[in-house]
Amino acid sequence: MTSPGFRRTCTAAIASALALTGLAACDSGSDGSANGKTQITVNCEPPKSAKIDRKSFEDDITAFEKANPKIDIVARDGFPCQDPKTFDAKLAGGQMENVFYTYFTDAKHVVDINQAADITSYVKDMKGYSDIQQSLRDVYSVDGKVYGVPRTNYSMGLLYNKKLFAQAGLDPDKPPATWEEVRAAAKKIAALGKGYVGYADYSAQNQGGWHFTAEMYSQGGDVVTPDGKKGSVDTPEGKAVLQNLKDMRWTDDSMGTKQLLILNDVQQMMGSGKLGMYISAPDNIPILVKEKGGKYEDLALAPMPGGKGTLAGGDGYMFNKKDTPAQIKAGLKFLEYETNTPGHGLNDWKRASENKAPVGLPEPRLWTGATDAKDLALKKQYANVPVENYQPFLSGSQQLTLKLEPANAQQIYSVLDAAVSAVLTKKDADIDGLLKDAQAKIDGILARG
């Protein structure tokens, strides 16, 4: 799954923005030169319906071209930035832009179908590239060659309501660090009565499988074997995930009676102030405030409980295999400005604050070392949200293993949905049987490729 809302340039309403999505041809196979300039097409420009983001992107292009008069940037808009229904067709049909947006989970696929340019010999000259977290750079590296540049990233944590923690006699500045502590806190919050729910989780539309995977990572487990050929859910870690949910639901009665929840249901509960905790990426926070009635001061974020791992994702840009060397160099120079420099482009926190966008959320955490420190300092300088509420997440997540979604994720999530929904809706659900059945089905999915 993609964490909803984490891409700042895609904030428009889906219904209106989808009408703007198109398959504009971009002639990526030409030499890219016009009037002595190197011309490149770049997608993921914010749609016209996202007026502020659109203007910011256009202003960035103008400033970049002024500083680099021999480069001409032609932006292509569309929402979502990548449409799975047309992505492969655009690649195969030669319609993909010179520099094109991808999810982390797409990188290897694009390389495997021979549609990505090898940028290994060029990326070394990109300022700040070596400061990007190694685990994120590795996403776009296949067999020792580099094919793309990360743009932004997210990881899952525990989102909780500080106000409810205080009401329940819990320390709002000491969030749960283990699943046992989550369970204990959930019981206290649910004991407030009046329809309060201690902990909520998704269990429908593949979202239950997505969260099961994240919770498996937090236990140190996985949903597939390291070679990707077999399922790996019928394990002690898998049993611990389902047993914990079952115990909270039926023994503790801390998850409420309404189940088969999806993202919007849980966000509504948290925004209304009736929910204590759920696992989430930081991008949920502004949605809870702007759309669901929540307050920034009440919402805090902690690392994923368990201390072992967390689900991570993100996006970046790759380069069309038909790009010329000049186009690759121009594209990297533009990305250096737009996505990889604190204080510029997507990371212009002064501008974001002036535009009343939330500044100070704990992601993206793209870099390490001095570059990361500079970005954090700029966020702190222009922050308009309570950054202290996210410090536990910032500090603790650095100690966790970041793991991406598995291949065939949606099919696997569909299988795991059934297991999660069963333990949350059936008091006598057989956890061992559910895991055995899920593993057999995942094995079948992976065998078919």
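Residues numbered from 1 in each chain as written. Predicted model: local features only at pLDDT ≥ 70, side-chain atom pairs only at ≥ 80, totals over all residues. Heavy atoms only, no water.

### A few points about the overall build of the protein chain
Okay, step 1: Counting secondary structure elements, the protein chain contains 18 helices and 13 strands.
Okay, step 2: Its C-alpha radius of gyration of 22 Å places the protein chain within 12% of the 22 Å reference for a compact globule of 449 residues.
Okay, step 3: A burial count over the protein chain gives 56% of its 449 residues as buried.
Okay, step 4: In the protein chain, the proportion of contacts linking residues at least 24 apart, taken out of those at least 6 apart, comes to 78%.
Okay, step 5: Roughly 18,900 Å² of accessible area belongs to the protein chain as shown, and the carbon and sulfur atoms make up 51% of that amount.
Okay, step 6: Averaged over its 53 positive side-chain charges, the protein chain has a centre that lies 2 Å from the centre of its 55 negative ones. (Helix = DSSP H or I, 4+ residues; strand = E, 2+ residues; numbered from the N terminus. Rg over C-alpha atoms; globule rule 2.2 N^0.38 Å. Buried < 20%, exposed > 50% of the residue type's maximum accessible area, 1.4 Å probe, protein only. Contact = heavy atoms within 4.5 Å. Areas by Shrake-Rupley, 256 points an atom, 1.4 Å probe, with all protein chains shown as cover. Lys, Arg positive; Asp, Glu negative; His and termini not counted. Charge placed at Lys NZ, Arg CZ, Asp CG, Glu CD.)

### Looking at the side chain of Q267
Okay, step 1: With respect to the helices and strands, the residue Q267 is situated in helix α11 (residues 263-271).
Okay, step 2: A polar contact of 3.2 Å, which involves the side chain of Q267, links it to the side chain of N284.
Okay, step 3: Leave out the neighbours within four places in its chain, and Q267 touches Y278, N284, I287, L288 and K292. (Polar contact = N/O pair within 3.5 Å; in protein donor to acceptor, adjacent residues only side chain to side chain.)

### A short note on unusual backbone geometry
Okay, step 1: Unlike most non-glycine residues, L260 shows phi in positive territory, near 55°.
Okay, step 2: When you line up the elements, L260 lands in the loop between α10 (236-251) and α11.
Okay, step 3: Despite not being glycine, K356 has its phi angle at roughly 65°, a positive value.
Okay, step 4: With respect to the helices and strands, K356 occurs in the loop between α14 (349-354) and α15 (369-382).

### Considerations on the pairing of strand β8 (residues 157-161)
Okay, step 1: Of all five residues that make up β8, five are buried, and the element is covered over most of its length.
Okay, step 2: Strand direction decides the pairing type here: β8 and strand β10 (residues 275-280), joined by four bridges, are antiparallel. Bridging across to β10, G157 finds its partner in S280.
Okay, step 3: Here β8 pairs with strand β11 (residues 299-303) via five bridges, running antiparallel. Within β11, the position partnered with N161 by the bridge is L299. (Pairing = 2+ DSSP bridges.)

### Overview of the side chain of D375
Okay, step 1: Relative to the assigned elements, D375 resides in helix α15.
Okay, step 2: Relative accessible area serves as the criterion here: at 1%, D375 is assigned to the buried category.
Okay, step 3: In this structure the side chain of D375 is engaged in a polar contact, spanning 2.8 Å, whose partner is the side chain of W349.
Okay, step 4: Setting aside its immediate chain neighbours within four residues, D375 contacts P342, N347, W349, P364 and W367.

### Overview of empty space enclosed by the protein
Okay, step 1: One pass over the full model with this rule turns up three cavities of 30 Å³ or more.
Okay, step 2: Of the volumes computed, that of the second largest cavity is approximately 40 Å³.
Okay, step 3: Along its surface, the second largest cavity is lined by 11 residues, and F57, R151, Y317, E338 and L346 are the ones closest to its centre.
Okay, step 4: Among the elements of the structure, β2 (37-45) and α13 (325-338) are those that each provide at least two residues to the lining of the second largest cavity. (1 Å grid on protein atoms, 1.4 Å probe; cavity = no way out; pocket = protein on both sides within 12 Å on 5 of 7 lines; lining within 4 Å. Points joined across faces, edges and corners; volume = space filled by probe spheres on them.)

### A word on the packing of aromatic side chains
Okay, step 1: Here the structure, examined in full by the defined rule, presents 10 aromatic pairs.
Okay, step 2: Ring centres 5.6 Å apart and planes at 80° place the aromatic pair Y101 and Y103 in the edge-to-face group.
Okay, step 3: Under the relative-accessibility criterion, Y101 is labelled buried at 1%.
Okay, step 4: We note R137 situated over the ring of Y129; from NZ or CZ to the ring centre the distance is 5.6 Å.
Okay, step 5: Positioned above the aromatic ring of Y196, the side-chain terminus of K274 is 4.3 Å from the ring centre. (Phe/Tyr/Trp six-rings, centres within 6.5 Å; stacked < 30°, edge-to-face > 60°. Lys NZ or Arg CZ within 6 Å of the ring centre and 35° of its normal.)

### Topic: the state of the cysteines
Disulfides are covalent bonds that connect the sulfur atoms of two cysteines.
Okay, step 1: Applying the stated criterion across every chain, the model contains one disulfide.
Okay, step 2: The disulfide bridge from C44 ends at C81, spanning 2.0 Å between sulfur atoms. With the S-S dihedral at roughly 55°, the linkage between C44 and C81 falls on the right-handed side. Residue C44 is located in strand β2, and its partner C81 is located in the loop between β3 (71-77) and α3 (87-92); the two are separated by 37 residues in the primary sequence. (Disulfide = S-S within 2.5 Å.)

### Observations regarding the sheet that holds β8
Two pairing modes exist for strands in a sheet, parallel and antiparallel, and in both the strands are linked by backbone hydrogen bonds.
Okay, step 1: Here four strands make up an open sheet; going across it, the order is β9-β10-β8-β11 and the pairing mixed. One side of each edge strand has no neighbouring strand; the edge strands of this open sheet are β9 (197-199) and β11. Here the strands of the sheet are splayed against their neighbours by 25° on average, with no regard to which way each runs.
Okay, step 2: On the sheet, α11 packs against β8, β9, β10 and β11 and is oriented at approximately 140° with respect to β10. (Axes fitted to C-alpha atoms, helices over the stretch in contact; angles between N-to-C directions.)

### A closer look at the pairing of β3
Okay, step 1: Here six bridges tie β2 to β3, and the two strands are oriented parallel to one another. Residue T38 lies in a different strand from β3, and its bridge partner there is I71.

### A closer look at helix α17 (residues 409-425)
Okay, step 1: The terminal C-alpha atoms of α17, which comprises 17 residues, lie 24 Å apart, in line with the 24 Å expected from a rise of 1.5 Å per residue.
Okay, step 2: Taken across its 17 residues, α17 has 12 buried, putting it largely inside the fold.
Okay, step 3: All buried positions along α17 are accounted for by A409, I412, Y413, V415, L416, D417, A419, V420, S421, A422, V423 and L424.
Okay, step 4: The secondary structure elements touched by the buried residues of α17 are α9 (207-218), α10, β12 (309-319) and α18 (431-448). (Expected span 1.5 Å × (residues − 1).)

### Here we look at the pattern of salt bridges
Opposite charge on two side chains lets them pair, provided their charged atoms get close.
Okay, step 1: By the definition in use, this model includes 18 salt bridges.
Okay, step 2: Here K90 and E97 are joined by a salt bridge, their closest N and O atoms 3.3 Å apart. In this pair, the class of K90 matches that of E97, namely buried.
Okay, step 3: A salt bridge links R365 to D372; the shortest N-O distance between them is 2.9 Å.
Okay, step 4: We classify R365 as buried; its relative accessible area is 14%. (Salt bridge = Lys/Arg side-chain N within 4 Å of Asp/Glu carboxyl O.)

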